[in-house]
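Spelled out from the first residue to the last, the chains are:
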Amino acid sequence: MTVESAASARPAHTAPKGLRTPPVVPGGAPLLGHAWNLVRDPLGFLTALRDHGDLVRIRLGPRTAYAVCAPELVGEMLKSPDYIVGGPLWDTLEVLLGKGVATSNGPLHRRQRRMMQPAFRPERIADYARVMEQEAQATAARWVDGSTVDVGAEMFRTAVRIVSRSLLEVESIGAKADRISDSLHTVFEGLYRRMVLSVGPLHRVPTPANRRFARALADLHALVDEIVAERRARGNGGEQDLLAVLLAAHDESGRPLTDREIHDHVVSLVVAGAENVASTLAWAFHLLTEHPEQERRLVEEVNSVARGRPVAFADLKELPHTRNVVTEAMRIRPAAWIFTRRSVAGTDLGGYAIPADADIVYSVYAMQRDPRSFERHLEFDPDRWNPERAADVPEFAMMPFSVGNRKCPGDHFSLAELTIILATVAPMWRLRRVGRTDTDTKVGITLHPKKLVLRAERR
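What you see is a predicted model; the values in this text were computed from it and never measured. (Residues numbered from 1 in each chain as written. Predicted model: local features only at pLDDT ≥ 70, side-chain atom pairs only at ≥ 80, totals over all residues. Heavy atoms only, no water.)

A. Broad picture of the overall build of the protein. Secondary structure summary: the protein contains 17 helices and twelve strands in total. Projecting the C-alpha coordinates of the protein onto the three principal axes gives extents of approximately 65 × 55 × 45 Å. For the protein, the residues scored as buried account for 57% of the 459 residues in total. If you take every contact in the protein between residues at least 6 apart in sequence, the share linking residues at least 24 apart comes to 75%. Averaging the coordinates of the 61 positive side-chain charges in the protein and doing the same for the 57 negative ones gives two points 3 Å apart. (Helix = DSSP H or I, 4+ residues; strand = E, 2+ residues; numbered from the N terminus. Buried < 20%, exposed > 50% of the residue type's maximum accessible area, 1.4 Å probe, protein only. Contact = heavy atoms within 4.5 Å. Lys, Arg positive; Asp, Glu negative; His and termini not counted. Charge placed at Lys NZ, Arg CZ, Asp CG, Glu CD.)

Encoded structure:
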């Protein structure tokens, strides 16, 4: 999952005097406040917040949170040292991600990021792309003409196998990738409500859902430990994947990473590399079924470049419309859609007073559908990303991989993966809706279609 914002701790102080106090959003339920809105209709609620101001206050149970609705204020916050990764989202995700690069702050985060960066150098993406090509072709070859395909599940499995084979190469990764996929599915179902309804004791009640969550989480962590142990036992044979980089890394004092640190980094990258990519691909295929003219243009573009052979990494620069489809899918149907921060000092954000230790919420889903930033904001229009039109998009209005020194280190990896999979599958298979398809949005830590079951027709 993508993480943002810079962070370094500073002494707390009160916000400068004379600043405006953000307005409180009306409504909310007794005791729960606006948390009930975030459970009942989170997307509608967060999208409507901009009608109340660029920065507003909402109530999450007993705690007040600040919701930032204007892109320029979100960009200012993400680049300011007065805000760190924290708040309800990250407090919840720490159960899954531990203290890896996704959830750490300050000097620790900078050290972790420097250690991981070699695994994502541009020249390494070309090596990883061979795995992307193989897995995309294997997925497309597995389908049967006229059969129905659970596209969401297929994309999740493909994404897990790609990130596992590329970044965690061990002998048994094929079988483990499918187990990781199963465990992650169950874990993500339970995380969103734990974020919104921060009632820890209820999560320890042995209900069937809580037991499923606990088993899946334990299995995921056990799998990662098995992968790390297997790689340590084999030794480093000159590989340069992420796990090899982590096993060989040392900090400034010459100390190698602990097994716990390596474990947390691996979980962070697997989660981000699987869930976000799979959700984006599911939405992209859904959008193409709804917009046959865009599908036709994509297929014609790929066929004109590949000319009957499998799409390769070297082809990507010749596929501008396919890239635009990916970008527009990420805009109108973002996978990672809600983020939180915590202020480390009382400060000024856009002329509003923010106290120290305040929870901050912002939604890229709401920002990327804002009519003030995007003409015909609810239309799927890949051409808006042609250079002459993309120049008109306000800064920070579109940030699928965030900005600043918390920008996702795997952004180029993910873009290559998304484009290769889409350009491999779409020219081979025409996908059409069937009765069991339910494209309503399933809201969790990420957004994806509830049940994207499509009929595959060979072209």
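B. Main features of the nonpolar core. In terms of nonpolar packing, the biggest core is built from 120 residues, with Val68, Leu96, Leu184 and Tyr362 touching the most fellow members. It is helix 12 (residues 259-290) that provides the largest number of residues to this core, a total of 15 residues. The residues contacting valine 68, other than those within four sequence positions of it, are Asp54, Leu55, Leu73, Val74, Met77, Leu349, Ile360, Val361 and Tyr362. Within the second largest apolar cluster, 19 residues are counted, among which are Phe45, Leu46, Val56 and Leu447. (Core = buried A, V, L, I, M, F, W, Y, C linked by side-chain atoms within 4.5 Å.)

C. The sheet that holds strand 9 (residues 429-433), seen in detail. Within the open sheet, the three strands sit side by side as 4-12-9. Their pairing is antiparallel. Each edge of the open sheet is held by one strand with a lone partner, namely strand 4 (148-150) and strand 9. When strand polarity is set aside, the average angle formed by the axes of neighbouring strands in this sheet is 45°. Sitting on the sheet, helix 7 (residues 151-167) is in contact with strand 4, strand 9 and strand 12 (453-458), with an inclination near 55° to strand 4. (Pairing = 2+ DSSP bridges. Axes fitted to C-alpha atoms, helices over the stretch in contact; angles between N-to-C directions.)

D. Region of interest: the pattern of salt bridges. Under the counting rule described, the total for this entry stands at 28 salt bridges. Arginine 376 is the salt-bridge partner of glutamate 375, the closest N and O atoms lying 3.3 Å from each other. By relative accessible area, which is 38% here, arginine 376 ends up partly exposed. Across the salt bridge formed by aspartate 381 and arginine 389, the nearest N and O atoms sit 2.8 Å from each other. When salt bridges that share partners are traced, they join Glu375, Arg376, Glu379, Asp381 and Arg389 into one network. (Salt bridge = Lys/Arg side-chain N within 4 Å of Asp/Glu carboxyl O.)

E. Highlighting the pairing of strand 12. Looking at chain direction, strand 4 and strand 12 are connected through three bridges and run antiparallel. Paired with threonine 148 across the two strands is arginine 455, which belongs to strand 12. Pairing of strand 9 with strand 12 involves five bridges; the strand directions are antiparallel. Paired with arginine 432 across the bridge in strand 12 is arginine 455.

F. Focus on unusual backbone geometry. Located in the positive-phi region is aspartate 357, a residue other than glycine, with phi close to 65°. Within the secondary structure, aspartate 357 is located in the loop between strand 7 (352-354) and strand 8 (359-363). Assessed through its relative accessible area of 47%, aspartate 357 is described here as partly exposed. Not every positive phi belongs to a glycine, and serine 402 is a case in point at roughly 70°.

G. Here's a closer look at the packing of aromatic side chains. All told, the structure shown has five aromatic pairs when counted by the stated rule. For the pair phenylalanine 120 and phenylalanine 413, a centre-to-centre distance of 6.4 Å together with 80° between the ring planes defines the contact as edge-to-face. With phenylalanine 120 in the loop between helix 5 (106-116) and helix 6 (122-142) and phenylalanine 413 in helix 17 (residues 411-425), the pair connects residues that are 293 residues apart, well separated along the chain. Among the aromatic residues, those joined into a ring-pair cluster are Phe120, Tyr128 and Phe413. (Phe/Tyr/Trp six-rings, centres within 6.5 Å; stacked < 30°, edge-to-face > 60°.)

H. Highlighting the environment of phenylalanine 156. Position of phenylalanine 156 among the secondary structure elements: in helix 7. Taking the C-alpha atoms as reference points, phenylalanine 156 and asparagine 276, separated by 120 residues in sequence, lie 9.0 Å from one another. Ignoring sequence-local partners within four residues, the contact set of phenylalanine 156 consists of Ser181, Leu184, His185, Ala274, Glu275 and Ala278.

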